[in-house]
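Descriptive structure summary
What follows is the residue order along each chain.
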Amino acid sequence: MALPVFDLHCDALQRSLDMGHDLGGETPGHFDLAKAARGGVRAISLTAWIDGPYADEPGASKRRTNALLDAADDLFERHPDMVRRVDGAAELEALPDGVVGCLLAIEGGHAIEEDLAQLEHYAARGVRVMTLTWNNHLSWARSCQEGAPAGTPEGLSAFGREVVTRMGELGVRADLSHAAERTFYDALECEGPAPLVTHSGCKALSNHPRNVTDDQLRALAARGGVLGIPFATAFLDEEERAAEQAFRRTDAYRDAGRGGATEAHMHHGDAIQAGLGPFPIEHVVRHTLHALEIAGPAHVAIGSDFDGIDRRPAGLEDASGYPALLSALADAGVDDDTVAAVAYGNAARALA
Ligand SMILES: [Zn+2]
């Protein structure tokens, strides 16, 4: 019997919307409910990821977000016996066996187009997590990436604090993956439920802007929050990242990029996986162990970023592979209670 799993970040809704994949059955990507059943998934956060350029055209981010949320609603309507939207811990606990709980999320605060009424609209549609920034910077929040336009606040602006506070009132948790350090600390100060960092690694092990420092880990834990460890090579290991960057300059990579953006992303990921092979699962284990040591056993979870990543770990190529990670953690000396907490308990508790 696979241990129950709660994965805090998955981008599969794009494939559903852009490629017509029915996530209720077997699909070519990383996450669907068939694979999830084999992997022991009891809950998943499906994310409406809004690419940065949507922010350039008024109305485009709202349309894209609503279309992705429609794709989620369509999934729930088609497969009520397999998956249901959940708002919090109580609903999750009440689900019948075999039904996956789905926590709806938005990735990229540009989805609200600087309008609190739009945030309220998404909350009414059932969104319960919002990643404040993606890699683009907002007028009210700085992302962790370089190149912020002039006038971008160092962290959250006054309106940014209003957004986070209103999110808390609406039961929408702040996800601080992708946030600049100052944005992270500013958000921690806002009233509301404990924030999440749904898919970031540890900067002490791999110096990548998307990872968090030990001080951030301690601050997150002190606030009751949870870090989801991602499966992305790019964040987890500097040498593996360099190998991937080199592969992106090959013909094999270039030739794989057919179709629209979502399809090309999927084929590119498969080309990297075929060209370089899966990367060692030990990198995921290393980051999990470090986060457990610094943040403590109650503050670490899984945040795969499936269908948003390119190369995947060996044995953990898709959502059927979580048991391989949990065994690897046990082999690394993590006790049974902590393995279960990382797999499911910590993420579930964070929704209470
Ligand atoms: Zn992300």
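So, here's what we can say about the structure. (Residues numbered from 1 in each chain as written. Predicted model: local features only at pLDDT ≥ 70, side-chain atom pairs only at ≥ 80, totals over all residues. Heavy atoms only, no water.)

1. Some words on the overall build of the protein
In plain terms, the rule: Runs of E in the DSSP output that reach at least two residues are strands. Runs of H or I that reach at least four are helices, and both are numbered from the N terminus. The globule rule is 2.2 Å times the number of residues to the power 0.38, and the radius of gyration it is compared with is taken over C-alpha atoms. Three labels apply to residues, based on accessible area from a 1.4 Å probe with only protein chains included: buried if under 20% of the type maximum, exposed if over 50%, partly exposed otherwise in between. Two residues qualify as a contact provided that any one of their heavy atoms is within 4.5 Å of a heavy atom in the partner residue.
Tallying secondary structure elements over the protein gives 15 helices and nine strands in all. In terms of C-alpha radius of gyration, the protein reaches 19 Å, essentially the compact-globule figure of 20 Å for 352 residues. Projected onto the principal axes, the alpha-carbon positions of the protein cover approximately 45 × 45 × 45 Å. Across the 352 residues in the protein, those meeting the buried criterion constitute 60%. Pairs at least 24 residues apart make up 71% of the contacts formed inside the protein by residues separated by at least 6 positions.

2. As for the side chain of Asp318
As a reminder of what qualifies: A positive count includes Lys and Arg, and a negative count includes Asp and Glu. His and the chain ends are not counted in either. The term salt bridge refers to a side-chain nitrogen of Lys or Arg lying within 4 Å of a carboxyl oxygen of Asp or Glu.
Among the structural elements, Asp318 can be located in the loop between β9 (300-302) and α14 (322-331). The charged side chain of Asp318 is buried without a salt bridge, its nearest counter-charge being Lys35 at 5.1 Å. Other than its neighbours up to four places away in sequence, Asp318 contacts Gly29, His30, Lys35 and Phe306.

3. A look at the packing of α14 against helix α15 (residues 336-350)
What counts is decided by this rule: Simply put, an axis is a line fit to the C-alpha atoms, just over the touching stretch for a helix, and the angle between two N-to-C directions goes from 0 to 180 degrees. The scheme is simple: roughly parallel for angles under 35 degrees, roughly antiparallel for over 145, roughly perpendicular for 65 to 115, oblique for anything else. Here a crossing is called left-handed whenever its near helix is offset anticlockwise from the far helix by less than a right angle, and right-handed whenever the offset is clockwise. Residue polarity is assigned by list, with Asp, Glu, Lys and Arg as charged and Ala, Val, Leu, Ile, Met, Phe, Trp, Tyr, Cys and Pro as nonpolar; anything else, Gly included, falls into the polar class.
Look at α14 against α15: their axes get within 10 Å of each other, and the N-to-C directions meet at 150°. Considering the angle they form, α14 stands roughly antiparallel to α15. As α14 runs across α15, the sense of the crossing is right-handed. Contact residues: Leu326, Leu329 and Ala330 in α14; Val339, Val342 and Ala343 in α15. Of the residues contributing to the contact of α14 with α15, the split by class is six nonpolar, no polar and no charged.

4. Regarding helix α13 (residues 282-295)
Spelled out, the test is: By this rule the span expected of a helix is its residue count minus one, scaled by 1.5 Å.
The first and last C-alpha atoms of α13 sit 19 Å apart over 14 residues, in line with the 20 Å expected at 1.5 Å per residue. Most of α13 sits inside the fold, with ten of its 14 residues counted as buried. Within α13 the residues assigned to the buried category are His283, Val284, Val285, His287, Thr288, His290, Ala291, Leu292, Ile294 and Ala295. Phi for Gly296, located one or two positions after α13, is positive at around 100°.

5. Thoughts on the side chain of Ser304
Here is the rule: Contacts described as polar in this section are N or O atom pairs within 3.5 Å, which, within protein, must combine one atom able to donate a hydrogen with one able to accept it, while residues neighboring in sequence count only if both atoms come from side chains.
Positionally, Ser304 belongs in the loop between β9 and α14. When its relative accessible area of 0% is taken as the criterion, Ser304 is described as buried. A polar atom in the side chain of Ser304 sits 2.5 Å from the side chain of Asp7. A polar side-chain atom of Ser304 sits 3.0 Å from the main-chain amide nitrogen of Phe306. Leaving out residues up to four positions away in the same chain, Ser304 has contacts with Asp7, His9, Ile229, Pro230, Phe231, Ile309 and Tyr322.

6. Overview of the coordination of the zinc ion
In plain terms, the rule: Shown as donors are all N, O and S atoms within 2.8 Å of a metal ion, widened to 3.2 Å for Na, K and Ca; because water is not in the atom set, sites may appear incomplete.
Glu107 (OE), His178 (NE2) and His199 (NE2) make up the full set of protein donors to the zinc ion, lying at 2.0 to 2.1 Å. Between consecutive donor residues of the zinc ion, the sequence gaps follow E-x70-H-x20-H. Separated by 21 residues along the polypeptide, His178 in the loop between β6 (173-175) and α7 (181-189) and His199 in the loop between β7 (196-197) and α8 (214-222) bring together distant segments of the chain. We classify His178 as buried; its relative accessible area is 5%. Judged by its relative accessible area of 0%, His199 falls in the buried class.

7. Focus: the packing of aromatic side chains
What counts is decided by this rule: Aromatic contacts are taken between Phe, Tyr and Trp rings whose centres are within 6.5 Å, Trp giving its six-membered ring; a plane angle under 30 degrees counts as stacked, one over 60 as edge-to-face, and the others as tilted.
Under the definition given, this model contains eight aromatic pairs. Residues Phe184 and Tyr185 carry aromatic rings whose centres are separated by 5.0 Å and whose planes lie at 90° to one another, so their mutual orientation is edge-to-face. Look at Phe184 and you get buried, because its relative accessible area is 1%. Here Phe247 and Tyr253 contribute two aromatic rings whose centre-to-centre distance is 6.4 Å and whose plane-to-plane angle is 85°, an arrangement assigned as edge-to-face. Note on accessibility: Phe247 and Tyr253 belong to one class, buried.

8. A few points about the environment of Asn211
Tracing the chain through its elements places Asn211 in the loop between β7 and α8. A C-alpha to C-alpha distance of 9.1 Å links Asn211 and Cys144, two positions 67 residues apart in sequence. Once residues within four sequence positions are removed from consideration, Asn211 is found in contact with Ser200, Gly201, Cys202, Lys203, Ser206, Gln216, Phe235 and His287.

9. Brief notes about the packing of α7 against α8
Orientation of α7 relative to α8, taken along the N-to-C sense of each, is 15°, at an axis distance of 11 Å. Our classification of the angle between α7 and α8 gives roughly parallel. At the point where α7 passes α8, the crossing takes the left-handed sense. Facing Glu181, Phe184, Tyr185 and Leu188 of α7, the residues of α8 in contact are Asp215, Gln216, Ala219 and Leu220.

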